[in-house]
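Listed below are the residues making up each chain.
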Amino acid sequence: MQVLRVEEGRPGQYSDKDIGSGKREFSELLEHEKEELLQDQSEEDEKGNGRLQRTGTKKRRFTPEIGASNGKRIRKKQLASNYYEDADELMDEMEHDTEIAFMIKSKARRRGSPGHGKINRSSSVDSGVKDESKNTTSYTSSSSPPSSPNSSVSVLRWDRGRWSRHSVKQDNGDVCFKCHQCMQESKTIVSCFKCKNNSYCIRCIKEWYPHMKVQEVKELCPFCRRNCNCNACLHSTGMIKTPKQDISDYEKTQHLVHLIRSMLPFLKEFSDEQKEEIEIEANIQGESPSNIIVEQTLCYNDERVYCNHCATSIVDLHRSCPKCLYELCLSCCREIRQGCLLDRAEVKFQYRNMGCEYIHGGDPSPECCSLEAPDNHIEPLTGWNEPLTGWDANDDNSITCAPKEMGGCGESILALKRILPCDWIASLEAKAKTVLDICETKYCTFKHECGERRNDMLRKAASREGSCDNFLYCPDSRDTLKEGDLLHFRKHWINGEPVIVQNVLEQANGLSWEPMVMWRALSENMDPNSTSQFSEVKTIDCLAGCEVEINTRQFFEGYTEGRMYGNLWPEMLKLKDWPPSDKFENLLPRHCDEFITALPFQEYTDPRAGLLNLAVKLPPGVLKPDMGPKTYIAYGLVEELGRGDSVTKLHCDMSDAVNILTHTAEIKLGDEQKSAISMLKELHRAQDERELRNWVNSQSGQSGAQIGDEEIIEKNYNRELKVPEDVADGPTLSGSPCTEAVEETGGALWDIFRREDVPKLEAYLKKHYKEFRHTYCSLVERVIHPIHDQSFYLSMDHKRKLKEEFGVEPWTFVQSLGEAVFIPAGCPHQVRNLKSCTKVAVDFVSPENVHECLRLTKDFRQLPKNHRAREDKLEIKKMILYAVDQAVKDLEALVATQV
């Protein structure tokens, strides 16, 4: 293979033997260039013309007029060699100049477009040059050195909907070649045979495309492969074509019928609830229900209306105070009349920081022990979740406004109000039934034919006795494109089973998910007036469970190399809210397109146009929930530490979700660090035993002490830990992943619990909650809701005890690079990173799991006012109504075209 080598403006050649081979590594090429530069400098010194003048230790830059003498172009590296005091300084700078140059230029550069003038690469004053041709516009690259009459010019050209870089011949016939990635001249340039426009230097290939060989770049460059990650391409829209759901009208009709049929029971439930409230209002007014006129309240599209008591989203009918505008949902109205409305008082959650020594088994710091302020302690639970007294319905079932201590006025009668047009929900239900009858009459019944399901599409994830769901459906991404595989997915999905899809990144274009590439794209796209948003990032310290700020570069260095505390304990960090916005699509447009392209079963998962995704059916202008995509970047370690593991604690999402592992980096521990970790673990174990005994003793004289607290200590600490025998079968019960699998591609350990096991799981956590630690490594003081508190991570030992005591075992598996994990709504789950991981996830709402979304909404409304999970962010009722409305319109249009 031959590679262009630019020597004084004339292309020479390198062979494969010189590039990337064992005999001639990249460092040797740099050394070879170093010798040439020194030789060139020596020759120039002998001539005495055009060299850099030095006085003492001061440096003066070479001027273009001198450098252009005799019409000879001075190479960039030759100028650099004259600038530095010695060659070693030059080579050291050359090793790092690409990254430094980017950081300098990105702050000053403003992105351009075909209709927005020059694309600046630095603060130089090169002017744009427009081509006179009809459909082509060219811009000179301002990353070039100041041009002289005989120097060459590199041009950015907008041609046929894309940017390309061109070399321009000068008067002396020389040609200037520049790297498409770094926009710098290089002696070792690889030009693409296909486009013949773009070239990449060896340095950039090695640094930014390590998975590609030089020959592959030459045959088809990253730009042509649509995975170029240079700064310009990362912000170009339309580079990646997201797949359009090119399905037939028959299939579209089939999906719409499935959606409407699935939603009809919920539509009927909403309609019946409203009819019941209208009948109550008719009795209050002494009128017939048909004569009741409900006044419409003004509500803008960008507003959310919530119940003042339970914080549930209000979609249509509700009661409102005409005096103080206190609003109450129909569920709270019904509970008041039944006398079972629960109190929603605030509960304080604040853990004490007892010092670094305490975190690793030592005693609390003296400053912490002397604190007596009540805010530093968690108040006892009093009155929360108990029936509310003093707010009852009147004899005629009318309801007076809430008392003043609850935010109301306590005087006026709450009036019935509506948000939607009159009888809109009942009318929608009738239209949905009509269009379904037409489709069933016209098309009779739809035939569902599943494709073949092979045994290699199943993965063992549990060892439950007498259970038929120990294996999870795990197809390859290529199989998901086959006809009938969507029905296989639906068969498992409707039963609440997770699904794993392998090799999904193979369906995309291969854009790099390296965190530094994403950081380059983000920092380039940020507001230059707010550079702090990307120079430092907010992270979660997994050991203390608190927020810390860290330099972005330091965080990403720790991502690949690891970080540790002074006592050698691994420091595990997770990025919080990065990118710092919910507009992932705007800040990282190419990565967003790449992610959507990789999504399997896009009828469900596509966040823009999924036919079976209820979340995309909301009309324009209506306030939408944040469904993603979002990135999750965190450190990880194969060994389970017990404290400070890089984990996502046990929780339950409000909707369905799909999570793709896009990048991993393994962190190795040295022998010294391993020894220190073992010693610290012994201190942790002794502290756990000591504090649990003290807690049991403090409860022994009080009423209501839990039964079996003494047995807890005996069972937990007076025994020898043994690893179960079924570990050899894979990561099932023990949660200890197979080392060989992790070393290759595995990145994250998942535990997903079945919906039917939730009551037993909650009972276990309520019984053993004192064995868990949360913020600042303090013991968990109280449990409001075992799952929604997000205070627990079940270690290998706790999962073993959970099975022994309650017979509950989760699906446990290792997520490998390029695998997509589907998590059904209502399934509690937890994740531990076995390596540093970059994951991208998006939420969606499938017709099969709407009932779980509604159940979770009811659970959340029972939480205290200040609970993290209480707010109804999904607004599932509104989503159902608009989804059915849109589906009915689409189905009516399809039926009309086929008449």
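Residues numbered from 1 in each chain as written. Predicted model: local features only at pLDDT ≥ 70, side-chain atom pairs only at ≥ 80, totals over all residues. Heavy atoms only, no water.

**Some remarks on the packing of helix α24 (residues 758-768) against helix α25 (residues 796-806)**
Here comes step 1: Between α24 and α25, whose axes approach to 11 Å, the crossing angle comes to 115°. Relative to α25, the element α24 is oriented roughly perpendicular. The two elements α24 and α25 cross, and the hand of that crossing is right-handed. On the side of α24, the interface is formed by K760, L761, A763, Y764, K767 and H768, while α25 contributes H798, K801, L802, E805 and F806. (Axes fitted to C-alpha atoms, helices over the stretch in contact; angles between N-to-C directions. Helix = DSSP H or I, 4+ residues; strand = E, 2+ residues; numbered from the N terminus. Parallel < 35°, antiparallel > 145°, perpendicular 65-115°, else oblique. Left-handed = near helix turned anticlockwise from the far one by under 90°. Contact = heavy atoms within 4.5 Å.)

**Describing the packing of aromatic side chains**
Here comes step 1: Tallied over the entire structure, the rule returns 17 aromatic pairs.
Here comes step 2: Seen in terms of ring centroids, Y200 and Y209 are 5.8 Å apart; in terms of plane orientation they differ by 85°. Their pairing is edge-to-face. When sorted by exposure, Y200 lands in the same class as Y209, which is buried.
Here comes step 3: The interplanar angle of 85° and the centroid separation of 6.0 Å between the aromatic rings of W493 and F822 together place this pair among those described as edge-to-face. A residue pair is termed long-range when its members are at least 10 positions apart, and W493 in helix α14 (residues 485-493) and F822 in strand β23 (residues 820-823) qualify at 329 residues. Each member of the pair, W493 as well as F822, is classed as buried.
Here comes step 4: One aromatic cluster is present, formed by F489, W493, F601, Y604, F822 and F844 through successive ring pairs. (Phe/Tyr/Trp six-rings, centres within 6.5 Å; stacked < 30°, edge-to-face > 60°. Buried < 20%, exposed > 50% of the residue type's maximum accessible area, 1.4 Å probe, protein only.)

**Some thoughts on the environment of R832**
Here comes step 1: With respect to the secondary-structure elements, R832 resides in strand β24 (residues 829-833).
Here comes step 2: Here E639 takes part through its backbone oxygen, which lies 3.5 Å from a polar atom of the side chain of R832. (Polar contact = N/O pair within 3.5 Å; in protein donor to acceptor, adjacent residues only side chain to side chain.)

**A short note on the sheet that holds strand β10 (residues 327-328)**
Here comes step 1: Spatial ordering of the open sheet is given by β8-β11-β9-β10, a layout of 4 strands whose pairing is mixed. Among the strands making up the open sheet, the edge pair consists of β8 (295-296) and β10.
Here comes step 2: Sheet analysis places strand β9 (residues 318-320) next to β10, joined by 2 bridges and oriented antiparallel. Looking at β10, one finds that S320 is bridged to E327. (Pairing = 2+ DSSP bridges.)

**A word on the packing of helix α26 (residues 850-860) against helix α27 (residues 876-897)**
Here comes step 1: The interhelical angle for the contact between α26 and α27, taken along N-to-C directions, is 150°, at an axis separation of 10 Å. Taken as axis vectors, α26 and α27 run roughly antiparallel relative to one another. Counted together, V850, C853, L854 and T857 of α26 and I876, K877 and I880 of α27 form the full contact between these two elements.
Here comes step 2: For the contact of α26 with α27, the residue count by class is 5 nonpolar, 1 polar and 1 charged. (Nonpolar A, V, L, I, M, F, W, Y, C, P; charged D, E, K, R; others polar.)

These values are about where atoms sit, not about what they do.
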